Amino acid sequence: MSDEIDPTPPVAPPQPPARSNNASRGSRQTATYLSKRLTAAGLRPVSKYGQNFLIDLNLVELIARSAEIGPSDIVLEIGTGVGSLTSIMAAQAGAILTVEIDQNLYQLASEELAPFPHVKMIQGDALKNKSTFRDDIMESIRDAKSRLPDDSKFMLVANLPYNVATPIVSNLLHQDPPPDRIVVTIQKELGERMVAGPGSKDYGALSIWIQATCRAEIVRILPPTVFWPRPKVDSAIVRLDVDHERRNAIPDLKYFHQTVRALFFHRRKFLRSVVISAMKGRLDKPTIDEILGRLGHGETARAEELNLEQISALVEALRQAELSQS
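Quantities reported herein were computed from a predicted structural model and do not represent experimental measurements.

**Some points on the overall build of the protein chain**
Then, in step 1: Tallying secondary structure elements over the protein chain gives 14 helices and 11 strands in all.
Then, in step 2: Here the protein chain, with 326 residues, has 54% of them falling under the buried criterion.
Then, in step 3: A separation of at least 24 residues holds for 71% of the contacts in the protein chain among residues at least 6 apart in sequence.
Then, in step 4: Roughly 15000 Å² of accessible area belongs to the protein chain as shown, and the carbon and sulfur atoms make up 48% of that amount.

**Quick word on the sheet that holds strand β7 (residues 154–159)**
Then, in step 1: Spatially, β4-β3-β2-β7-β8-β11-β9 is the arrangement adopted by the 7 strands of the open sheet, whose pairing is mixed. Here the strands that pair on one side only, and so sit at the sheet edges, are β4 (119–123) and β9 (214–222). For this sheet, the mean angle separating the axes of adjacent strands, direction not counted, is 20°.
Then, in step 2: Where β9 and strand β11 (residues 235–242) come together, 8 bridges link them in antiparallel fashion. By the bridge assignment for β11, Ala-216 is matched with Leu-240.

**Description of the UniProt feature "binding site: S-adenosyl-L-methionine" (unreviewed entry) in the protein chain**
Then, in step 1: Those places that UniProt annotates as "binding site: S-adenosyl-L-methionine" (unreviewed entry) correspond, in this numbering, to Asn-52, Leu-54, Gly-79, Glu-100, Asp-125 and Asn-159.
Then, in step 2: Of the residues examined, Glu-100 reaches a relative accessible area of 5% and is grouped as buried.
Then, in step 3: Leaving out residues up to four positions away in the same chain, Glu-100 has contacts with Gln-51, Gly-79, Thr-80, Gly-81, Leu-105, Tyr-106, Ile-122, Gln-123 and Gly-124.
Then, in step 4: In this structure the side chain of Glu-100 is engaged in a polar contact, spanning 2.9 Å, whose partner is the backbone nitrogen of Gly-81.
Then, in step 5: Positionally, Asn-159 belongs in strand β7.
Then, in step 6: With a relative accessible area of 17%, Asn-159 lands in the buried category.

**So, the nonpolar core**
Then, in step 1: Membership of the largest hydrophobic core comes to 69 residues, with the highest contact counts inside it found for Leu-76, Ile-137, Leu-156, Leu-160, Met-194, Phe-264 and Leu-314.
Then, in step 2: For this core, the element with the most residues is helix α14 (residues 308–325), which contributes 7 residues.
Then, in step 3: Built from parts of two domains, this core gets at least three residues from each of domain 1 (31–249) and domain 2 (253–325).
Then, in step 4: If you look at the next biggest cluster of nonpolar residues, it comprises 30 residues, including Met-121, Tyr-162, Leu-222 and Ile-237.

**Quick word on the confidence of the model for the protein chain**
Note that predicted coordinates carrying low pLDDT should not be read in detail.
Then, in step 1: Mean pLDDT over the protein chain works out to 88, with 85% of the residues at or above the 70 mark.
Then, in step 2: Below pLDDT 50 for its whole length, residues 1–27 participates in 59 contacts with residues either more than four positions away or in separate chains.

**Remarks on the packing of helix α8 (residues 188–195) against helix α9 (residues 205–213)**
Then, in step 1: Contact geometry for α8 and α9: axes closest at 6 Å, N-to-C directions at 60°. In terms of orientation, α8 lies oblique with respect to α9. Between α8 and α9 the crossing geometry is right-handed. The residues of α9 that touch α8, namely those facing Leu-190, Arg-193, Met-194 and Val-195, are Leu-206, Ser-207, Ile-210 and Gln-211.

**What about the pairing of β4?**
Then, in step 1: Where burial is concerned, most of β4 is hidden: 5 out of the 5 residues are buried.
Then, in step 2: The two faces of β4 match: Val-119, Met-121 and Gln-123 on one face and Lys-120 and Ile-122 on the other face are all buried.
Then, in step 3: Two strands pair when backbone bridges link them, and strand β3 (residues 95–100) and β4 are joined in this way by 5 bridges, in the parallel orientation. The residue bridging Ile-96 from the neighbouring strand is Val-119, located in β4.

**As for the environment of Tyr-162**
Then, in step 1: With respect to the helices, strands and loops of the structure, Tyr-162 is situated in the loop between β7 and α7 (165–172).
Then, in step 2: For the pair Tyr-162 and Ile-186, spaced 24 residues apart in sequence, the C-alpha to C-alpha distance is 6.1 Å.

The rules behind these values
Residues numbered from 1 in each chain as written. Predicted model: local features only at pLDDT ≥ 70, side-chain atom pairs only at ≥ 80, totals over all residues. Heavy atoms only, no water. Helix = DSSP H or I, 4+ residues; strand = E, 2+ residues; numbered from the N terminus. Buried < 20%, exposed > 50% of the residue type's maximum accessible area, 1.4 Å probe, protein only. Contact = heavy atoms within 4.5 Å. Areas by Shrake-Rupley, 256 points an atom, 1.4 Å probe, with all protein chains shown as cover. Pairing = 2+ DSSP bridges. Axes fitted to C-alpha atoms, helices over the stretch in contact; angles between N-to-C directions. UniProt positions renumbered as here; feature names shortened; annotations may be inferred. Polar contact = N/O pair within 3.5 Å; in protein donor to acceptor, adjacent residues only side chain to side chain. Core = buried A, V, L, I, M, F, W, Y, C linked by side-chain atoms within 4.5 Å. Domains from an automatic or database assignment. pLDDT = per-residue confidence, 0-100. Parallel < 35°, antiparallel > 145°, perpendicular 65-115°, else oblique. Left-handed = near helix turned anticlockwise from the far one by under 90°.

This is the structure:
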């Protein structure tokens, strides 16, 4: 993680560059082109950073198009790569903050993005730890948003490195401000978990957290052949539109998220035993039994069978019970 980060936030330029110039540069985003460019620089994809470059320009443009970026919007991109998606978005957005952990790729992308004064690059890890964004990233977002019109939207738009996709998306929904929209390329399995319903094999804590704060959809399934190097799994472009009213209705976001994760930690166990385990040292068994009975959850109920409204009601009842004992 770099300690030398320019604190100046990105600001909207008087007039964004023409899109046609970006498209012509982006058209070189092929496996052959990327391989030659990285080889010339003495580089190769680094597996520990989850580097898989999207080599179909039509799909790169689909990501940007799905985000519906406007001229007063601010975009956060995690995983700049060589800057192909960034260049396309730069013709549309008011400001872009793009983060690249690989110092060598950061240098390559800096050349690609030099013509765009409203694009700010950060070299380093976007996460301070597995559960928290770096403070300077969100400070830059808040500062940039304050310089843009009041109706500007904040978005995460990225071909996310697979190894950080879950913490990036999950944690961003905790932030202030939260994003208005998220459009990302992630593993297909992860996308299916985000949109899954009760009783399905993919339904779990992530499904609840995403659907409690967003309207979620899978835009497109992507085969391994559209990436270089090819991953071993299918991918998906996912769009999440944050429902601010629904999100604001959650009294305590941190409590909600942590409790939902605890309820699904042993998803096959009966709900009562899971709740008792999750609330150990915080609520006694009679209190838990009273709550479950009041909400109509019998002895054979399981968390994976409950819908979003039922889970939300249970979490809030547990929270209120804890507050009453404090």
